[in-house]
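Residue-level structure breakdown
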Amino acid sequence: MNINRITVFGAGVWGSVIAQHLAKKGYKISLWEHYKDLFDILEKTRKHPNIENFELNSNIELKATLEEAVKDSEMLVFVISSKSVRNFCKQLKPILNGKVLPVVSASKGIEDSTFKTVCEVIEEEIPQLTGYAMSFSGPSFALEVAKGIPTKILVAGPNADLVKKTAKVFNSSPIITVESDDRRGVEYGGAIKNVVAIGCGILDGIGDGADTKAALITQAMQEMHDITVSQGGKTESVYNLSGLGDAILTGMSSISRNRRLGEKLGQGLSLEEARKQVGTIAEGADSVNSVHNLARKNNLKTPILDAVWQIVCNGEDKDVLLKALGF
Ligand SMILES: NC(=O)C1=CN([C@@H]2O[C@H](COP(=O)(O)OP(=O)(O)OC[C@H]3O[C@@H](n4cnc5c(N)ncnc54)[C@H](O)[C@@H]3O)[C@@H](O)[C@H]2O)C=CC1
Ligand SMILES: O=C(CO)COP(=O)(O)O
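Our subject in this report is the structure included herewith. None of the values given here were measured: they were computed from a predicted structure.

1. Observations regarding the site of ligand 2
As a structural note, the neighbourhood of ligand 2 is formed by Lys108, Gly138, Pro139, Ser140, Phe141, Lys193, Asp246, Leu249, Thr250, Ser256, Arg257 and Asn258. At a separation of 3.0 Å, an oxygen atom of ligand 2 approaches a polar backbone atom of Ser140. Contact between ligand 2 and Asp246: an oxygen atom at 2.7 Å from a side-chain N or O atom of the residue. With three residues, the top contributor of residues to the shell around ligand 2 is helix α11 (residues 241–252). There are two domains that each give the shell around ligand 2 at least three residues, and those are domain 1 (5–181) and domain 2 (185–324).

If you want it as structure tokens, here you go:
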């Protein structure tokens, strides 16, 4: 696989940091952004408004249209909110015009109505990409990666040779890539850990401490495991970087937007107000319903994830989470 130009869809915080990471490795990057105001700021200043001291590398070219963004591209990287992926693919499909490229998804979510992962949605909407979509997931705050703080991220897909080559593309300081053949397991872990992080945030909002959050993560891992395995994912993926690793990171760190959203809910704010105060996306608030419905559909016992769902989606009192934990 000889790659020169890579397209990154999404110049949000993670998309821009991934684009920068690849640009520093010498790849030419075509960076596309959905929101015109963000695109304009980046084009005018080359600085990201949501990342401190961050100036786009000279290998990054901003592309205003999807046609320009995919021109001469040899790899596509999706870093857009998971719920926008299906509609986005409907726009992208005619532009790709049957072209087959390796695709990497760095988004974390499960579609509400279908329980499909982001890679599965991409392949369903753009069938020629079937077998070419890979997940890039692990404990990786964009703001920490931007500062050069080292981490490990899984590259997961069905084609071992493509995964190996793609992992090489992304592998360089501060990111060490780890190959996986369990895309489903990796994507389910990445989506469910966001719900776990909201749960940890609720405990923070109530005023409980790290002890209680560690107990929550431990119990929630069993629930993440049961859901993931019911969908064909592997146990070893649940306890790898995208599941356990990312649950620890986002559940315990003040940086996590999902944890911060939970904290606001724990303090008694409504979901709408909590979302407003957190500002950027918190994927867990969108995945919580699909995770809950999936567990119900498969008759799984998931008391912790159910309690988070009750608080987020039904506005129940946060004490239901303490009860679910047995307190
Ligand atoms: N920020 C982080 O530390 C990390 C984020 N992620 C995942 O990356 C994904 C993006 O997150 P961030 O960059 O942090 O969020 P962000 O809020 O900074 O950016 C969201 C991106 O989604 C795009 N988007 C929103 N609606 C769209 C639409 N209708 N069509 C096309 N694009 C649309 C926006 O243009 C923007 O580029 C999420 O799934 C998140 O879970 C994964 C690992 C780390
Ligand atoms: O997934 C992430 C880090 O791996 C980012 O988590 P938040 O979206 O909760 O900030």
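2. Examining the sheet that holds strand β4 (residues 75–78)
Spatially, the eight strands line up as an open sheet ordered β3-β2-β1-β4-β5-β6-β7-β8, and their pairing is mixed. Each edge of the open sheet is held by one strand with a lone partner, namely β3 (60–63) and β8 (175–180). On average, adjacent strands in this sheet sit at an angle of 25° to one another, irrespective of strand direction. Pairing of β4 with strand β5 (residues 103–105) involves three bridges; the strand directions are parallel. Each residue of the ladder has a partner; that of Leu76, found in β5, is Val103. Packed onto the sheet, helix α8 (residues 183–206) meets β6 (133–137), β7 (151–156) and β8 and runs at close to 40° relative to β6.

Reading guide: rules and limits
- Residues numbered from 1 in each chain as written.
- Chains lettered and ligands numbered in written order.
- Predicted model: local features only at pLDDT ≥ 70, side-chain atom pairs only at ≥ 80, totals over all residues.
- Heavy atoms only, no water.
- Near = heavy atom within 4 Å.
- Polar contact = N/O pair within 3.5 Å; in protein donor to acceptor, adjacent residues only side chain to side chain.
- Helix = DSSP H or I, 4+ residues; strand = E, 2+ residues; numbered from the N terminus.
- Domains from an automatic or database assignment.
- Pairing = 2+ DSSP bridges.
- Axes fitted to C-alpha atoms, helices over the stretch in contact; angles between N-to-C directions.
- Contact = heavy atoms within 4.5 Å.

The values are spatial; any link to function lies outside them.
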